[in-house]
Amino acid sequence: MTPATTTALLTAPIAVPLATACLYAGARRRSLTAWAGLLSPATILACGSVLATSIPGDGPLTIPGSLLRADAVTAWMLLVVGAVAALACASSPAYLAHEHASGHGDPGAARQYNALVHGFLAAMCAAVLAANLGVLWVAIEATTIVTAFLVGHRRTRASVEAAWKYVVICSAGIALAFLGTVLIYYAARQAGIPEAWALDWPTLVSRADRLDPDVTRLGIALIILGFGAKAGLVPLHAWLPDAHSQAPAPVSALMSGVLLAVSFTAILRYKVIADAALGPAFTRTLLTGTALLTLALAAALLLGQRDYKRMLAYSSMEHMALIALGGAIGSPLAIAAVLLHIAGHGLAKTVAFTSSGHILHLQRTTRIGRVRGLLARAPGLGALFALATLALLALPPFSLFASELGIARAGFAAG
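Cut-off values and rules
- Residues numbered from 1 in each chain as written.
- Predicted model: local features only at pLDDT ≥ 70, side-chain atom pairs only at ≥ 80, totals over all residues.
- Heavy atoms only, no water.
- Helix = DSSP H or I, 4+ residues; strand = E, 2+ residues; numbered from the N terminus.
- Rg over C-alpha atoms; globule rule 2.2 N^0.38 Å.
- Buried < 20%, exposed > 50% of the residue type's maximum accessible area, 1.4 Å probe, protein only.
- Contact = heavy atoms within 4.5 Å.
- Areas by Shrake-Rupley, 256 points an atom, 1.4 Å probe, with all protein chains shown as cover.
- Lys, Arg positive; Asp, Glu negative; His and termini not counted.
- Charge placed at Lys NZ, Arg CZ, Asp CG, Glu CD.
- Disulfide = S-S within 2.5 Å.
- Salt bridge = Lys/Arg side-chain N within 4 Å of Asp/Glu carboxyl O.
- Core = buried A, V, L, I, M, F, W, Y, C linked by side-chain atoms within 4.5 Å.
- Expected span 1.5 Å × (residues − 1).
- Bend = angle between axes of the 7 residues up to and from the residue.
- Patch = residues over 30% accessible without salt bridge, like charges linked within 9 Å, V, L, I, M, F, W, Y side chains within 5 Å.

1. Concerning the overall build of the protein
Right, on to step 1. Looking only at helices and strands, the protein features 16 helices and 2 strands.
Right, on to step 2. The globule rule puts the C-alpha radius of gyration for 415 residues at 22 Å, and the 21 Å found for the protein is close to it.
Right, on to step 3. A principal-axis box enclosing the C-alpha atoms of the protein has dimensions of 65 × 50 × 40 Å.
Right, on to step 4. Scored against the burial criterion, the 415 residues of the protein give a buried share of 54%.
Right, on to step 5. Here the analysis covers contacts within the protein between residues at least 6 apart in sequence; of these, 76% occur between residues at least 24 apart.
Right, on to step 6. Looking at the protein as shown, the accessible area adds up to about 16,600 Å², and 67% of this sits on carbon and sulfur atoms.
Right, on to step 7. Taken together, the 27 basic and 16 acidic charged side chains of the protein have centroids lying 11 Å from each other.

If you want it as structure tokens, here you go:
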């Protein structure tokens, strides 16, 4: 693959959503419709597809002197981000039309919404493509800033409260992750790694055995705690049900479907360094404990839930706990099952959240007990929501059944 092609493939998933966001932010006419936003997901999908076919033969792709890199996990995550974004962006015009009809929306708010959504996509793609751990932290912090405005988009009391809660808790988490990143940088400099490469992920992986174990252990613990907050894991999980239930349905789909997974991918990057520096037992213990606590809490809260959007939010916690459990196991089968679970959960949760937005418009309530006769009033919508729910319950023949079975098999195989 030529350097020019590599540069285009690694920069387009970030540049195109950013350019689209700027176009929406500067648009003063309604000629630039929400449907124009499908260009960003299409670009991300196209780049992910080409990378997925190129990387097995060419190996990881980098731009010399750049902070961007793509490997097999990058290609897979770009495909997931692109697929989920395509469904979410396709449902955005209907959401904006409902807001306009109900008197909550205006052209300025619609432009702001579309600009923020595409800025959100650019930040997630930057996190997935980052070769430098400092850039990875900046990209995930950027998702917090952008999505805070999206959570409070409707400007109701509940949505603004959820946005502030999201900002406070995730900022605390991202501050812990920053401190962990600084500690890893310090360990790298003490190990003799040059300043320019002290946060370069491939360099850290290749020289992880030189890192100071005590500093690395503290840094990794802070990183798992900090990025775990963005992934919806215990103990900094309290923002998730409020933010996901109050955000616009397409935004909830993006946050639940891919933002949580992108944040956990950051943990997986650090896990490779920690396993080489400390052995697999340390991160396995941390991730297993966090996963089991999150799973138990999510299951308990799901049982008593009476709001279908909050129910979907707690379901996201449950599935992220399963993904963390697979990451803790760390075997090839477990990682393959984790990646399959990320894709299956992202698509099913996107369909569920976008459908819930239409149900809210139709029924004017998020209370489960007050939604009656949905299949009679809207057979297609009711069937779609039911299928998404069955997929999230991991029943066959949906992919989540195969991925959860794979995680269980990997767990037993690993003892």
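2. Considerations on the state of the cysteines
Right, on to step 1. The tally for this structure, following the rule as stated, stands at 0 disulfides.
Right, on to step 2. With no disulfide partner, Cys22 has as its closest neighbouring cysteine sulfur the one in Cys125, 15 Å distant.
Right, on to step 3. Here Cys22 falls in the exposed class, since its relative accessible area comes to 55%.
Right, on to step 4. Looking at the unpaired Cys170, the closest cysteine sulfur is the one in Cys125, lying at 19 Å.

3. A look at the pattern of salt bridges
Right, on to step 1. Enumeration according to the criterion identifies 6 salt bridges in this entry.
Right, on to step 2. Arg269 is the salt-bridge partner of Asp71, the closest N and O atoms lying 2.7 Å from each other. Residue Asp71 is found in the loop between β2 (69–70) and α3 (72–101), and its partner Arg269 is found in helix α10 (residues 249–278); the two are separated by 198 residues along the sequence.
Right, on to step 3. Owing to a relative accessible area of 10%, Asp71 belongs among the buried residues under this scheme.
Right, on to step 4. Taking relative accessible area as the criterion, Arg269 reaches 12% and is therefore assigned buried.
Right, on to step 5. Across the pair Asp242 and Lys165 runs a salt bridge whose closest N-O atoms are separated by 2.6 Å. Placement of Asp242 in helix α9 (residues 239–246) and of Lys165 in helix α6 (residues 157–190) is noted, with a sequence separation of 77 residues between them.
Right, on to step 6. Overall, Lys165 belongs to the partly exposed group, its relative accessible area being 34%.

4. Looking at the side chain of Thr350
Right, on to step 1. Structurally, Thr350 is set in helix α13 (residues 332–363).
Right, on to step 2. Since its relative accessible area comes to 0%, Thr350 is described here as buried.
Right, on to step 3. Leave out the neighbours within four places in its chain, and Thr350 touches Val84, Leu87, Ala88, Ala253 and Gly257.

5. A few points about the nonpolar core
Right, on to step 1. Ranked by size, the top nonpolar core spans 107 residues in total, and within it Leu51, Tyr166, Phe227, Trp239, Leu254, Met255 and Phe264 carry the most contacts.
Right, on to step 2. The element best represented in this core is α10, accounting for 16 residues.
Right, on to step 3. Residues in contact with Trp239, not counting those within four places in the same chain, are Lys165, Tyr166, Ile169, Cys170, Ala229, Lys230, Gly232, His244, Met255 and Leu260.
Right, on to step 4. In this structure, Ala348, Phe353, Phe385 and Leu392 belong to the second largest nonpolar core, which totals 16 residues.

6. Some remarks on the environment of Ala298
Right, on to step 1. Tracing the sequence through the fold places Ala298 in helix α11 (residues 280–303).
Right, on to step 2. Once the C-alpha coordinates of Ala298 and Ala321 are considered, the two residues, 23 residues apart in sequence, prove to be 8.8 Å apart.

7. Brief notes about α11
Right, on to step 1. If you check α11, its first and last C-alpha atoms are 34 Å apart, about what 24 residues at 1.5 Å a residue would give, namely 34 Å.
Right, on to step 2. The set of residues buried in α11 consists of Thr283, Leu287, Thr290, Ala291, Thr294 and Ala298.
Right, on to step 3. On its buried face, α11 is in contact with α8 (213–230), α10 and α12 (308–329).

8. Some remarks on α10
Right, on to step 1. If you check α10, its first and last C-alpha atoms are 42 Å apart, about what 30 residues at 1.5 Å a residue would give, namely 44 Å.
Right, on to step 2. Along α10, the sharpest change in direction is near 35° and occurs at Met255.
Right, on to step 3. Across the 30 residues that make up α10, a large majority, 26, are buried.
Right, on to step 4. Downstream of α10 by one or two residues, Gly279 has phi in the positive range, about 90°.

9. Regarding a nonpolar patch on the surface
Right, on to step 1. On the surface, a nonpolar cluster with roughly 350 Å² of combined accessible area is contributed by Leu387, Leu390, Leu393 and Leu395.
Right, on to step 2. For Leu387, the location among the structural elements is in helix α15 (residues 379–392).
Right, on to step 3. The partly exposed category is assigned to Leu387, whose relative accessible area is 45%.

Everything listed here is a matter of geometry and, on its own, says nothing about what the molecule does.
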